[in-house]
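Observations on the model geometry
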Amino acid sequence: MSEAEELLALLVDHLQDGVWLLDASDASIIEVSQSGALQAGSHPGTLLGTNFCSLIEPEISSEAWQLLLSQIPATGSHTVSVGLRSEIGFVQLVDLTLTRDYACEPVQARVLAITRSQPLATLPSAQAPQVETLLDATLEALAEGVAILDHLGRVERANTAFLELVDLQQSLVLDHSVFDPPWIWQSLQGDFLEIEGTPPVMALRTGEPQRLDHVQLRGNGLNRVLGELISVEVSCEPLLGADQSLRGAVLVLSDLTALLQSVGRREQIEATDQLTSLRSRHHITAQVDAAVRAAERNSTSSDDSRVGVLHVDLDDFRSVNDTFGTAFGDEVLIAVADRIRDLTERHIEIGRVGVDEFLVVITGNDASLSFDTRLRRLAEELQRRIEQPLVVEGLELRLTASVGISRYPANARDGATLVRAADTALAASRREGRHQVRFFESSLDKRGRTGLALDRDLRLAAAQRNLQVYYQPIIDLQSGAVSGAEALVRWNHPEHGPIPPSIFIPDAEATGAISAISDMVVTTVAEDLARWNEQNLLNAGSRIAINISATEFEQRGFVQRLAATLDNVGVLPSQLELEITETLLMRDVEVTAQRLSDLHELGFLVSLDDFGTGYSSLSHLHMLPLHTLKVDRCFVSELGDGRSETITRAILNLAQGLGIHTVGEGVETEEQRRFLIDGGCDSVQGFFYAPPLPRLAFEKFMQSHKPVAASATSTRSAL
Ligand code: C2E
Ligand code: CA
Ligand code: CA
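Summarised in this report is the structure supplied together with it. Throughout, residues of each chain are indexed from 1 in the direction in which the sequence is written. The lettering of chains begins at A and the numbering of ligands begins at 1, in the order of writing. Selection of residues for local features in this predicted model requires a pLDDT of at least 70, selection of side-chain atom pairs for listing and counting requires 80 or more, and totals for whole chains, interfaces and linings are taken over all residues. Hydrogens and waters are ignored; side-chain quantities use all the structure's heavy atoms.

**Details of the overall build of the chain**
Assigned secondary structure in the chain consists of 29 helices and 28 strands. We call two residues in contact whenever any of their non-hydrogen atoms come within 4.5 Å of each other. Taking as baseline every contact in the chain between residues at least 6 positions apart, the subset at least 24 positions apart corresponds to 60%. Computed with the Shrake-Rupley method and a 1.4 Å probe, the accessible areas treat only the protein chains shown as cover for residues. Summed over all atoms, the accessible surface of the chain reaches about 34,100 Å², with 52% contributed by carbon and sulfur. Only DSSP runs of H or I with at least four residues qualify as helices, and only runs of E with at least two residues qualify as strands; both kinds are numbered from the N terminus onward.

Written out as structure tokens, the structure is:
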């Protein structure tokens with residue numbers, strides 16, 4: 001190479017613009033400068049010989065390429081604005097200038113292309129695009145998963161390694177906030193981490209670097225098996241500006257799988273669960289594996305080797321933790337473990353696999369049916385032992401437990417699948433309520449597998465407002481008039497059909513999708529209220545109740561957001577009643593009291609939902625600005641039973657004494673309605689009057705239940 005050529009090469013490589021030499025016939029890349037390759041997020045060596053058109057977003061056909069070439073004037077160049085795609089899918093806008101390569105013979109054979117990054121509006125300097133691409137290239141070169149967050153915690157960029165570790169497509173990660181991430185953080189024990197405690201959130205909140213040595217991330221079925229967990233170390237470093245203000249953060253995930261496997265460290269540390277001294281999660285799953293392998297070996301001989309796995313979950317343990325604190329919760333777990341520990345003397349292995357979840361493994365070689373009977377008896381025995389009244393720190397508790405069962409060889413022929421099957425069966429038993437035992441059936445599998453896909457669908461549905469809000473009328477018992485309604489969300493899934501909120505709301509709370517749902521419900525209700533006000537459809541003083549989940553309630557800015565949404569459509573806060581649960585109330589009484597008084601001051605009404613089912617402390621009730629108590633359906637449905645009647649009467653008396661309005665829930669019969677009227681209950685809701693109704697049906701219901709004087713006013717047909 002001559003000196004001039006060398007200089008030129010150097011110059012070309014230092015130009016910010018990309019320089020490309022292309023074969024005119026098929027757009028293949030003959031040469032490309034360093035900067036051109038960087039713009040495409042790649043290296044010159046990788047790009048040579050590949051098709052330049054495939055880097056254009058959207059990709060252009062060979063016909064379009066020839067058309068483009070035909071627009072180059074005889075002398076001079078032709079410039080178009082196109083997207084240039086990097087290997088990992090980033091697209092940046094560039095000005096593409098095409099000129100004939102006059103140095104070449106014939107002139108038509110080659111094309112010189114210059115790609116100039118268009119300055120991004122948000123970037124401070126003209127150099128920024130170049131720096132951007134460089135940054136992308138650097139990120140790509142790292143083995144760790146790296147995401148760059150802005151000061152609000154939104155993912156601005158993420159390298160391929162990061163996307164692989166969270167097992168999500170880029171489009172599902174970018175712009176999502178670490179305060180409501182599309183991936184799920186799990187602890188080593190398998191329970192979901194509170195978002196507030198995760199390193200990125202803590203780093204952004206405190207401005208200090210944060211690290212967690214061992215966190216698990218779930219596979220989402222993209223590159224890994226759905227639900228498969230991998231271990232990562234998570235660290236997050238805040239990025240401070242020159243003025244020390246928080247600009248964002250760098251979130252780094254390091255894959256620990258290889259490390260853990262090679263050192264076998266995990267095995268040593270974690271053979272026993274620290275808290276309960278039962279087997280650790282790792283150890284017990286390894287035992288399932290070993291049992292299945294042994295059974296497989298034996299299956300060649302005459303006897304039928306069987307392995308059963310029971311996944312035991314304490315019902316609603318979260319509310320014990322939330323109400324009394326985790327230290328108390330830990331005591332409860334130890335007490336529960338003590339009750340089942342001696343089963344191990346019967347050659348049954350027990351491990352703790354989640355905060356309040358246990359895995360029980362049993363082997364045998366009886367006939368299939370009698371083995372199943374043995375498994376069911378064991379499940380019932382576990383339930384019985386757990387459900388004995390428990391006294392911890394002077395408090396008497398009654399727990400219940402749900403059990404999912406799977407067995408080898410009927411449900412799976414390897415340990416991991418067998419454990420997953422028990423998990424699926426447990427999920428099914430939870431859906432049926434508390435205190436259930438459920439065996440794995442293959443029809444359950446499909447539902448279980450779709451779990452995470454459902455989560456994604458759910459966020460999407462909320463964002464696109466594909467969830468529906470139904471309204472269940474609430475009737476004033478004195479006047480018989482409709483005094484409002486409760487808004488209840490419904491999800492009609494395109495594939496799975498209608499999914500009741502009792503199934504997807506708890507999941508949504510765990511994954512954080514609840515915020516999107518809640519926003520959608522509040523907006524819909526506010527808009528409907530505005531419409532009804534205009535149509536004069538509601539009776540004076542009517543209110544629409546919405547359900548507020550704890551995660552939502554505790555979010556900063558929740559009250560302000562709510563007020564702003566109503567303000568947008570000109571609806572008064574007093575038309576909205578917020579239903580919160582006892583558990584929420586007791587989580588942190590002081591914070592809750594403050595939040596409630598904020599709401600109260602703004603004019604919102606608050607009601608206490610499902611009253612009588614949680615562990616609320618009556619002594620707090622009179623200090624809180626509560627407008628309504630809702631007597632839980634479980635008491636109403638059991639009216640006729642002496643105990644339920646006594647409780648219901650006591651609740652009604654209590655509320656009357658405190659001057660709190662009462663609503664009886666789930667009224668289905670005339671007898672129930674009568675009992676509540678006699679007890680002095682103010683209003684009721686239930687199938688006796690109407691189920692939750694879609695908006696149009698609710699509007700019709702309102703029209704047909706208008707008090708006589710008002711029914712003359714003409715209302716515009718909603719159809
Ligand atoms: P909830 O707040 O206790 O709502 C009352 C539930 O009782 C509703 O179930 C309603 O359809 C049902 N119900 C009403 N009357 C009767 C009756 O006479 N008999 C019987 N058997 N059931 C009756 P749904 O709609 O399935 O909602 C279940 C739960 O999901 C709700 O319980 C609430 O906790 C939650 N939920 C519903 N919508 C939302 C929402 O928008 N946000 C939040 N955070 N939670 C919601
Ligand atoms: Ca409710
Ligand atoms: Ca309720």
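**What to know about empty space enclosed by the protein**
Think of a 1 Å grid over the protein atoms and nothing else: a 1.4 Å probe that fits but is trapped marks a cavity, an open set flanked by protein within 12 Å on at least five of seven lines marks a pocket, and residues with an atom within 4 Å of a point count as lining. Grid points are joined across faces, edges and corners, and a volume is the space filled by probe spheres set on the points. Applying the stated rule across the entire model yields two cavities of 30 Å³ or more. The volume enclosed by the largest cavity comes to roughly 100 Å³. Lining of the largest cavity is provided by 13 residues; of these, Ile474, Arg543, Ala545, Glu577 and Val663 occupy positions nearest its centre. For the lining of the largest cavity, the elements supplying multiple residues, two or more each, are strand 21 (482-493), strand 23 (543-547), strand 24 (576-581), strand 26 (628-631) and strand 27 (661-664). Asp, Glu, Lys and Arg are counted as charged, while Ala, Val, Leu, Ile, Met, Phe, Trp, Tyr, Cys and Pro are counted as nonpolar; the rest, among them Gly, fall into the polar class. The class makeup of the residues in the lining of the largest cavity is three nonpolar, six polar and four charged.

**Description of the site of ligand 1**
In the region of ligand 1, 20 residues are neighbours, and Gln472, Arg490, Arg633, Glu668 and Phe687 sit closest. Residues adjacent in sequence count toward polar contacts only when both atoms are side-chain atoms; beyond that, a polar contact is any pair of N or O atoms within 3.5 Å, and within protein one must be able to donate a hydrogen and the other to accept it. In the environment of ligand 1, an oxygen atom lies 3.0 Å from a nitrogen or oxygen atom belonging to the side chain of asparagine 547. Within the side chain of glutamate 668, a nitrogen or oxygen atom sits 2.5 Å from a nitrogen atom of ligand 1. Contact with the protein chains removes 82% of the 800 Å² of surface that ligand 1 exposes when unbound. For the shell around ligand 1, the secondary structure elements donating two or more residues are strand 21, helix 18 (501-511) and strand 25 (605-611). If one sorts the elements of the shell around ligand 1 by residue count, strand 21 sits on top with four residues. Its residues assigned to classes, the shell around ligand 1 shows eight nonpolar, five polar and seven charged. Definition of nearness: a residue and a molecule or strand are near each other if at least one heavy atom of the residue lies within 4 Å of the molecule or strand.

**Focus: the environment of arginine 465**
Residue position: arginine 465 is located in the loop between helix 17 (451-463) and strand 20 (467-476). A relative accessible area of 38% means that arginine 465 is categorised as partly exposed. Between the C-alpha atoms of arginine 465 and threonine 523, which are 58 residues apart in sequence, the distance is 9.8 Å. In this structure, arginine 465 is in contact with Met520, Thr523, Thr524 and Glu527, ignoring residues within four places of it in sequence. Accessibility here uses a 1.4 Å probe with only protein chains present; expressed as a share of the type maximum, an area under 20% marks a residue as buried, one over 50% as exposed, and anything in between as partly exposed.

**Quick notes on the coordination of the calcium ion (ligand 2)**
Distances from the calcium ion (ligand 2) to its protein donors, namely Glu486 (OE), Asn547 (OD1), Glu579 (OE) and Asp609 (OD), fall within the range 2.1 to 2.3 Å. Sites may look incomplete because water is not among the atoms; the donors themselves are N, O and S atoms within 2.8 Å of the metal, or within 3.2 Å for Na, K and Ca. All donors of the calcium ion (ligand 2) belong to a single chain; written as a sequence motif, their spacing is E-x60-N-x31-E-x29-D. Between the calcium ion (ligand 2) and the calcium ion (ligand 3), a spacing of 3.7 Å is present, and a bridge between the two is formed by aspartate 609. Remark: asparagine 547 occurs in strand 23 and glutamate 486 occurs in strand 21; sequence separation between them is 61 residues. Residue class for glutamate 486 comes out buried when judged on its relative accessible area of 4%. With a relative accessible area of 34%, asparagine 547 lands in the partly exposed category.

**A closer look at the sheet that holds strand 1 (residues 18-23)**
At least two bridges found by DSSP between two strands are what make those strands a pair. Read across the open sheet, the six strands follow the order 2-1-6-5-4-3; overall the sheet is antiparallel. Each having just a single partner strand, strand 2 (29-32) and strand 3 (56-57) make up the two edges of the open sheet. The sheet contact formed by strand 4 (residues 77-85) and strand 5 (residues 91-100) spans nine bridges and is antiparallel. Across the sheet, valine 82 pairs through a bridge with valine 94, a residue of strand 5. Helix axes are fitted to C-alpha atoms over the stretch in contact, other axes to C-alpha atoms as well, and angles between N-to-C directions run from 0 to 180 degrees. Packed onto the sheet, helix 4 (residues 62-70) meets strand 1, strand 4, strand 5 and strand 6 (110-117) and runs at close to 55° relative to strand 5.

**A closer look at the sheet that holds strand 15 (residues 357-364)**
Strand order in this open sheet of five strands is 14-15-13-18-19, and the pairing throughout is mixed. If you trace the sheet from one side to the other, it starts and ends with strand 14 (349-354) and strand 19 (437-439), each paired once. Taking the axes of each pair of neighbouring strands and ignoring which way they run, one obtains an average angle of 20° across the sheet. The sheet contact formed by strand 13 (residues 306-314) and strand 15 spans eight bridges and is antiparallel. If you follow leucine 310 over to strand 15, its bridge partner there is valine 360.

**Considerations on the coordination of the calcium ion (ligand 3)**
Within the first shell, the calcium ion (ligand 3) binds the protein through Asp609 (OD), Asp610 (OD), Glu665 (OE) and Glu665 (OE), at distances of 2.1 to 2.6 Å. Residue aspartate 609 is classed as buried on the basis of its relative accessible area of 6%. Judged by relative accessible area, aspartate 610 falls into the partly exposed class, the value being 27%.

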